[in-house]
Amino acid sequence: MAKALMCAPELLSKDLTGRRIVVTGGNSGIGFVCVKQLASQGAHVVLACRRVGEGEKRVVEILSEFPKASVEVQALDLGDLASVRAFAELRAAGDGPLHGLLNNAGVMNTDEGKTKDGFETQIGVNHLGHFLLTELLVPLLEKGAPSRIVNVSSCFHDKAMGRDGKIVIDDLFFESRKYDGWEAYAQSKLANLLHARALAKHLDGKGIVEHLGESMGVFEKLN
């Protein structure tokens, strides 16, 4: 089993001036904490979220504490692949490369539902939306190398409230089996983990480091 590594304290004071980092779901929870921390260290942070108004409120909060912070809000709905593509297109047409992508946004144990593209909600938002976003932003991350991708997963990728974490390739969207919110969540979080491992191989030698982050704030480096 991989050994969990806590963030080195000195990294929390490292100067990140000139770095441009995208954080999905940056308007609340872990995402907001990360946006605030990165901005306090001088990075330009793109707060990517579905509720733009909420994101703008968080920016006001950050600027009240760190007046020199550089933070922008950009609309991103991971449950709508057209929104994901639009986000990536705006970034590509923007003012420079990317140095970091924190795939943090997600939903947990939702009622049965579908994304705009017809995917089961949790696999659609937690994994498939982030999968496409990452693929589309890789060219910008290559331009910003050395850069980093972090996928936020969960210990529930193994077991979620007694449900085993497994990916049912033939029925990803619970069209044949009975829907279970925790089983669907575990499947999506396992997909996040496998995605990180696949990226580590696919992007080897391109100057992009891949990490898997637990939702508890513990990070593992995947080589």
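Predicted model, so just to flag it, every value in this text is computed and none were measured. (Residues numbered from 1 in each chain as written. Predicted model: local features only at pLDDT ≥ 70, side-chain atom pairs only at ≥ 80, totals over all residues. Heavy atoms only, no water.)

(A) Expanded view of the pairing of strand E2 (residues 44–49). Most of E2 is tucked away, with six of its six residues classed as buried. In E2, alternate side chains face the same way, and those of His44, Val46 and Ala48 on one face and Val45, Leu47 and Cys49 on the other are all buried. Taking the sense of rotation as the criterion, the β-α-β connection linking E2, helix H2 (residues 52–65) and strand E3 (residues 70–75) turns out right-handed. (Buried < 20%, exposed > 50% of the residue type's maximum accessible area, 1.4 Å probe, protein only. Helix = DSSP H or I, 4+ residues; strand = E, 2+ residues; numbered from the N terminus. Right-handed = clockwise from strand over helix to strand, strands pointing away.)

(B) A look at the pattern of salt bridges. Throughout the structure, instances matching the rule amount to 10 salt bridges. Close ionic contact of Glu54 with Lys57 constitutes a salt bridge, the shortest N to O distance being 3.5 Å. Note that Glu54 and Lys57 are positioned in helix H2 at a spacing of three residues, about one turn of the helix. Given the relative accessible area of 47%, Lys57 is considered partly exposed. Put simply, Asp164 and Lys159 hold a salt bridge, and the shortest N to O gap is 2.3 Å. We classify Asp164 as partly exposed; its relative accessible area is 41%. Connected through shared salt-bridge partners, Glu54, Lys57, Arg58 and Glu61 make up one network. (Salt bridge = Lys/Arg side-chain N within 4 Å of Asp/Glu carboxyl O.)

(C) Quick peek at helix H5 (residues 181–202). With 22 residues, H5 extends 31 Å between its outermost C-alpha atoms, agreeing within 8% with the 32 Å of an ideal straight helix rising 1.5 Å per residue. Summarising burial for H5: 17 of the 22 residues are buried, a large majority. Capping the start of H5, Asp180 holds a side-chain oxygen 3.0 Å from the backbone nitrogen of Trp182, two or three residues further along. (Expected span 1.5 Å × (residues − 1). Polar contact = N/O pair within 3.5 Å; in protein donor to acceptor, adjacent residues only side chain to side chain.)

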